[in-house]
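Examination of the molecular architecture
Residue strings, one per chain:
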Amino acid sequence: MDNVAVHAQDTVRPLTLAEQLLSIFLRALPIKHGRHRLLDYIAPRAFTQDGMLVEIALNGKHIIVDPSDLVGWHFAILKSFDPEVVEILNAACEGSNGEVFWDIGANKGSCFCGLAAKRNNVRVVAIEPQASLAPTNLHNLQTLCSTGYEYVQAGIGESETELELTIPENNKGRASLNLRNKRPTDVTEKIKIKTAKNIASQSKYGWPSLIKLDVEGYEPQVIRALAPCFSQGHCKVLVFENHKRETAAFDEIRKLIVPHGYNLYGIRKTPWATYLLPCEAQIENTTDYAAIRKDTAESNRALGRLIHH
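The rules behind these values
Residues numbered from 1 in each chain as written. Predicted model: local features only at pLDDT ≥ 70, side-chain atom pairs only at ≥ 80, totals over all residues. Heavy atoms only, no water. Axes fitted to C-alpha atoms, helices over the stretch in contact; angles between N-to-C directions. Helix = DSSP H or I, 4+ residues; strand = E, 2+ residues; numbered from the N terminus. Parallel < 35°, antiparallel > 145°, perpendicular 65-115°, else oblique. Contact = heavy atoms within 4.5 Å. Salt bridge = Lys/Arg side-chain N within 4 Å of Asp/Glu carboxyl O. Buried < 20%, exposed > 50% of the residue type's maximum accessible area, 1.4 Å probe, protein only. Core = buried A, V, L, I, M, F, W, Y, C linked by side-chain atoms within 4.5 Å.

1. Considerations on the packing of helix H5 (residues 110-118) against helix H6 (residues 134-144)
The contact between H5 and H6 brings their axes to 10 Å, and the two run at 10°. For the element pair H5 / H6, the angle class is roughly parallel. Here H5 contributes Phe112, Cys113 and Ala116 to the contact with H6, which in turn contributes Asn137, Asn140, Leu141 and Leu144.

Set out below in structure tokens:
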């Protein structure tokens, strides 16, 4: 899906002066983590609710973001979202001539944008089922991914089918196949589900060496679909989301991955640092985890510096 209509010029605007000043202030703070929480406190929503997209510069290249919900607003102001996840993936690229990165549940593309802006030789396969997100994601992939990219407008599962995705109002990042407590303002969308094996076989890049997985509670099903990628050792690093209430899902993910030569780590952060904490179970106050192939953890110095022994 490489062809996309360019956004009409009058639907894209620069940051307003107030937004620019807020962005400069927050990004100038002498901390590594905590800016996103401050933004939630100072300005949880965009100042201007005009329905327009915003153009921002990312490492000298101009990309487009939608500030109308949480992820887009944070990316517009801070030029990042979940920066600790991008840091882990960026470290995994050290010494590489070009990794293949599957961004599963790409949403508005904050992760692939963040990584591609740092590593211009990474080959991105963005996998996102929401139809409304495709034009902007494709525009940004074309802008940032000089070595190539692919876009898959689908979800990943164990069989080819169609499912109903629930999309909460004002937060497309929480779109889920397993959403609890649906609200009247939520919308639904029928989406295609493809197997990971078929995506890999149809891709010119094959299986990924790096994976980010954020599918709001559907992670075990996706990892089962990715079984050949782990059993054959293609993937060096997987970063995935797991909440406290999802203990059974964490245990299943551990059983699916660890036997193939991977260790699990909680991604922890302080205002000044990111580190990886080895774990065999969920860690209190941690929602992001990494599965790292043992030989990668031993040989990659950038990752080694992040691992807390």
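2. Quick look at the pattern of salt bridges
Applying the stated criterion to the full structure yields 14 salt bridges. Taking the shortest distance from any N to any O, the salt bridge between glutamate 84 and lysine 269 comes out at 3.3 Å. Here glutamate 84 is found in helix H4 (residues 83-92), whereas its partner lysine 269 is found in strand E12 (residues 262-269), with 185 residues between them in sequence. We note a salt bridge from glutamate 99 to lysine 236, for which the minimum N-O separation is 2.8 Å. Of the two residues, glutamate 99 is situated in the loop between H4 and strand E4 (100-104) and lysine 236 in the loop between helix H9 (227-231) and strand E11 (237-241); the sequence distance between them amounts to 137 residues. Residue lysine 236 is classed as partly exposed on the basis of its relative accessible area, which comes to 24%. Each member of the salt-bridge network shares a partner with another, and the members are Arg13, Glu19 and Asp50.

3. Observations concerning the nonpolar core
Phe101, Leu141 and Leu276 are the most contacted members of the largest nonpolar core, which has 55 residues in total. Ignoring anything within four residues of it in the chain, the contact list for leucine 141 reads Phe112, Val124, Ala126, Tyr149, Glu150 and Tyr151. Judged by nonpolar contacts, the second largest core, of 35 residues, contains Val100, Phe230, Cys235 and Tyr262.

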